[in-house]
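# Chains, contacts and geometry: an overview
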Amino acid sequence: ELSKEQILGESKSMEIVDARWLCVKMLKDLGLYAEQIAEMMNMTPRNVCKIVTNFNDRMMFGDAMLRNYLEIARQRLKN
């Protein structure tokens with residue numbers, strides 16, 4: 001539901017940050033390197049590594065909806 005521009009922009013709203021984190025997680029799961037993801041997402045490789053490292057903890061302890069969003073995104077990509 002979010003545009004590419006919103007996700008790649010600098011907004012810090014929870015919805016957009018979640019979308020960013022989901023994009024990074026899914027790109028990493030596809031086998032891309034942090035440097036490749038950083039270039040695609042207008043981030044630093046360090047930020048990408050931080051997201052990858054903290055994703056599971058955030059999903060389990062910080063943001064209960066993140067797991068649901070990840071499953072929805074994966075399903076939409078399959079279709």
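Scroll up to find the structure this text is about.
Described below are features of the structure shown in this document. Within every chain, residues take consecutive numbers counted from 1 along the sequence as written. For a predicted model such as this one, the threshold for reporting local features is a pLDDT of at least 70, and the threshold for listing and counting side-chain atom pairs is 80 or more; totals across whole chains, interfaces and linings nevertheless cover every residue. Calculated side-chain values reflect all of the structure's heavy atoms, with hydrogen atoms and water omitted.

### Observations regarding the nonpolar core
The condition that has to hold: Note on terminology: a nonpolar core comprises buried Ala, Val, Leu, Ile, Met, Phe, Trp, Tyr and Cys residues joined through side-chain atoms within 4.5 Å. Whether a residue is buried, partly exposed or exposed follows from its accessible area with a 1.4 Å probe, protein chains only, as a fraction of its type maximum: under 20%, in between, or over 50%, in that order. Per the convention used, a helix needs a DSSP run of H or I reaching at least four residues, while a strand needs a run of E reaching at least two, with both numbered from the N terminus. We call two residues in contact whenever any of their non-hydrogen atoms come within 4.5 Å of each other.
With 21 residues, the main nonpolar core has V24, I37, M41, M43, V48, F55 and L70 as its most contacted residues. For this core, the elements supplying multiple residues, two or more each, are α2 (14–29), α3 (34–41), α4 (45–62) and α5 (64–78). It is α2 that provides the largest number of residues to this core, a total of 7 residues. Dropping the residues within four chain positions of it, V48 is found in contact with V24, A34, I37, A38 and M43.

### Description of α2
What counts is decided by this rule: By definition here, a helix of n residues has an expected span of 1.5 Å times n minus one.
Across its 16 residues, α2 extends 22 Å between first and last C-alpha, which sits within 8% of the 22 Å expected from 1.5 Å per residue. For α2, the set of buried residues is I16, V17, D18, A19, R20, W21, L22, V24, K25, M26 and L27. Where α2 terminates, the next one or two residues include G31, which has phi positive at roughly 105°.

### Section: a nonpolar patch on the surface
Inclusion rule: For patch detection, residues must exceed 30% relative accessible area and be free of salt bridges, and they are connected within 9 Å for like charges or within 5 Å for nonpolar side chains (Val, Leu, Ile, Met, Phe, Trp, Tyr). Note that accessible areas follow from Shrake-Rupley with a 1.4 Å probe, and for residues the cover is restricted to the protein chains shown. Here, a salt bridge means any Lys or Arg side-chain nitrogen found within 4 Å of an Asp or Glu carboxyl oxygen.
Among the surface-exposed residues, M65, Y69 and I72 lie close enough to one another that they form a single nonpolar patch of about 260 Å² accessible area. Secondary-structure assignment places M65 in helix α5. Residue class for M65 comes out partly exposed when judged on its relative accessible area of 39%.

### Brief notes about the packing of α4 against α5
Counted only if it meets this: For helices, the fitted line uses only the C-alpha atoms of the stretch in contact; every axis is such a line through C-alpha atoms, and the angle between N-to-C directions lies from 0 to 180 degrees. Under this scheme an angle from 65 to 115 degrees is roughly perpendicular, one under 35 degrees roughly parallel, and one over 145 degrees roughly antiparallel; angles in between are oblique. Ten residues, namely Ala, Val, Leu, Ile, Met, Phe, Trp, Tyr, Cys and Pro, are considered nonpolar, four, namely Asp, Glu, Lys and Arg, are considered charged, and the remaining ones, Gly among them, are considered polar.
It is at 5 Å that the axes of α4 and α5 come closest, and there the two elements cross at 120°. When the interaxial angle is binned, α4 and α5 end up oblique. Seen from α4, the contacting residues are F55, R58, M59, M60 and G62; seen from α5, they are A64, L66, R67 and L70. The residue makeup of the contact of α4 with α5, split by class, is 6 nonpolar, 1 polar and 2 charged.

The values are spatial; any link to function lies outside them.
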